Amino acid sequence: MQNLEQLGQLIKNASSFTNSIIDETSKVIVGQNKIIEKVIAGLLSGGHILLEGVPGLAKTLLFNTIANIVSSKYKRIQFTPDLLPADLIGTLIYSQKNEAFIVKRGPIFANFILADEINRAPAKVQSALLEAMQEKQVTIGEQTYKLEEPFIVLATQNPIEQEGTYPLPEAQMDRFMLKLQIDYPAREDEREIIRRNINKTIQEIRPLLTQNDIIQARDLVKAIYLDEKIENYILDIVFATREPERFNLKNLKALINYGASPRASINLAKAAKAIAFQRGRPYVIPEDIRSIAYDVLRHRIGITYEAEAENIKSEDIITDILNKVEVP
């Protein structure tokens, strides 16, 4: 108990910077504090983040802003249909002076990678990104290079229905810890956006954190207590996506093509710890799980044609599961 109290005090002192990030980001981004909180959760738990929304909702600006708040190497890559794997990871170039091939490193060698409109690039480019996302390494020729920590891919995409896009493979989608969905701003928020842009009152962003600050915060996040009852709650939610009939959700059986993978359980626990950290707590409560469940699970549940015909989305399935699974 004493250790938990000490950890609680450490977390209370250390987590104050998360509010500073939200305040600093709000100088540029209006009315998206919940999305910002979840991006910070991904940052603290070392997970890649996919942000989806129609054009014009400041997806790129949001990631740009947060990356600039952390003093680290940052690269923005615009994904296009003619992008090549070498444009991402680098390639071997023959040097006449040295009479040998030398490695020219690509933009992937950074701490924060903004993969802008990720679903506009073909499969070969996605496969090149996959090794970096999963293994935190890149292979060029016969040599493998470790990527420097922290390494996070912040990707934006337009909804799949938009023209000129390629649906991301399920294996790659599963590598994203969180899939966030950004919606239109509220009326008063949009009024503020108009005024800021017309009057040019958008403020400069200042760096608040270093790479080491993020790494140290991650160590504290890992130390947050996860009770066995909370573990069982996570497992019940994930297993309900695979075996809904066991949880009195027989109606979902025909709607789910495949359930969430074990990465869902891992990432739900990690993300919930990051949420608890932001709220200054040394332990996870069920509300932390529920607040991040949609973002961890929405891209990990495959829906059937029957569900699509009835206009049922993965979010509707998650809602049914959260309403039915017993809360500890």
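A quick note: this is a predicted structure, and the numbers were derived from the prediction, not measured.

Caption draft 1: Spatial organisation of the packing of aromatic side chains. With the rule as written, the count across this model stands at 2 aromatic pairs. Here Phe109 and Tyr145 contribute two aromatic rings whose centre-to-centre distance is 6.2 Å and whose plane-to-plane angle is 80°, an arrangement assigned as edge-to-face. Placement of the pair is Phe109 in the loop between β5 (100-105) and β6 (112-116) and Tyr145 in strand β8 (residues 143-146), with a sequence separation of 36 residues. Grouping residues by exposure puts Phe109 and Tyr145 together as buried. Above the plane of the ring of Phe239 lies Arg242, whose end atom (NZ or CZ) is 4.6 Å from the centre. The ring centre of Tyr283 lies 5.8 Å from the NZ or CZ of Arg281, which sits over that ring.

Caption draft 2: Representation of the environment of Tyr145 within the structure. A relative accessible area of 16% places Tyr145 in the buried class. The spatial distance from the C-alpha of Tyr145 to the C-alpha of Ala132 is 9.8 Å, given a sequence separation of 13 residues. Beyond its immediate chain neighbours, meaning those up to four positions away, Tyr145 contacts Val103, Arg105, Phe109, Gln137, Val138 and Ile140.

Caption draft 3: Looking closely at the pairing of β6. The buried fraction of β6 amounts to 5 of the 5 residues, a majority that puts the element mostly inside the structure. Side chains Phe112, Leu114 and Asp116 of β6 all project onto a buried face; the interleaved residues Ile113 and Ala115 project onto the opposite face, where all are buried too. As judged from the 4 bridges shared by β6 and strand β9 (residues 152-157), these two strands associate in the parallel manner. Considered in β9, the bridge of Phe112 is made with Ile152.

Caption draft 4: Quick look at helix α14 (residues 314-324). Ser314, Glu315, Ile317, Ile318, Ile321 and Leu322 are the residues of α14 that are buried. Mapping the buried residues of α14 onto a view down its axis gives an arc of 155°, with all of them on the same face. Check the buried side of α14 and you find it contacts β10 (176-181), α10 (228-242), β12 (256-258), α12 (286-297) and β13 (302-303).

Caption draft 5: Examining the side chain of Thr18 more closely. Tracing the sequence through the fold places Thr18 in helix α2 (residues 16-25). Judged by relative accessible area, Thr18 falls into the buried class, the value being 1%. Every residue in contact with Thr18, bar those within four places of it in the chain, is listed here: Ile40, Leu44, Phe277 and Gln278.

Caption draft 6: Spatial organisation of the nonpolar core. Judged by nonpolar contacts, the single largest core of 73 residues is most densely connected at Phe277 and Ile289. Among the elements that make up this core, the one with the highest residue count is helix α11 (residues 262-278) (9 residues). Residues within four places of Ile289 in sequence aside, it is in contact with Ile230, Tyr233, Ile234, Ile237, Leu268, Ala272 and Val284. The next biggest cluster of nonpolar side chains, apart from the first, holds 28 residues, and it includes Ile89, Ile140, Leu168 and Met173.

Caption draft 7: Representation of the sheet that holds strand β1 (residues 48-52). Strand order in the open sheet formed by 5 strands is β3-β6-β9-β1-β10, with parallel pairing between adjacent strands. Edge positions in the sheet fall to β3 (74-78) and β10, since each has one partner strand and no second. Across the sheet, the axes of successive neighbouring strands diverge by a mean angle of 15°, strand direction being ignored. Two strands pair when backbone bridges link them, and β1 and β10 are joined in this way by 5 bridges, in the parallel orientation. Pairing of Ile49 across the sheet is with Leu178, part of β10.

Caption draft 8: Fine view of the pattern of salt bridges. Tallying each qualifying case throughout the model produces 20 salt bridges. Residues Lys179 and Glu52 are paired through a salt bridge, measuring 3.5 Å at the closest nitrogen-oxygen approach. Within this pair, whereas Lys179 is found in strand β10, its partner Glu52 is found in strand β1, the two being separated by 127 residues in sequence. Looking at Glu52, the relative accessible area reads 11%, which means it is buried. Its salt-bridge partner being Lys73, residue Glu148 comes within 3.2 Å of it at the nearest N-O pair. Within this pair, whereas Glu148 is found in the loop between β8 and β9, its partner Lys73 is found in the loop between β2 (70-71) and β3, the two being separated by 75 residues in sequence. Here Lys73 falls in the partly exposed class, since its relative accessible area comes to 45%. Via salt bridges that share partners, Glu37, Arg279, Arg281 and Asp288 belong to a single interconnected network.

Calculation criteria
Residues numbered from 1 in each chain as written. Predicted model: local features only at pLDDT ≥ 70, side-chain atom pairs only at ≥ 80, totals over all residues. Heavy atoms only, no water. Phe/Tyr/Trp six-rings, centres within 6.5 Å; stacked < 30°, edge-to-face > 60°. Helix = DSSP H or I, 4+ residues; strand = E, 2+ residues; numbered from the N terminus. Buried < 20%, exposed > 50% of the residue type's maximum accessible area, 1.4 Å probe, protein only. Lys NZ or Arg CZ within 6 Å of the ring centre and 35° of its normal. Contact = heavy atoms within 4.5 Å. Pairing = 2+ DSSP bridges. Arc of directions from axis to C-beta. Core = buried A, V, L, I, M, F, W, Y, C linked by side-chain atoms within 4.5 Å. Axes fitted to C-alpha atoms, helices over the stretch in contact; angles between N-to-C directions. Salt bridge = Lys/Arg side-chain N within 4 Å of Asp/Glu carboxyl O.

That is the geometry; function is a separate question.
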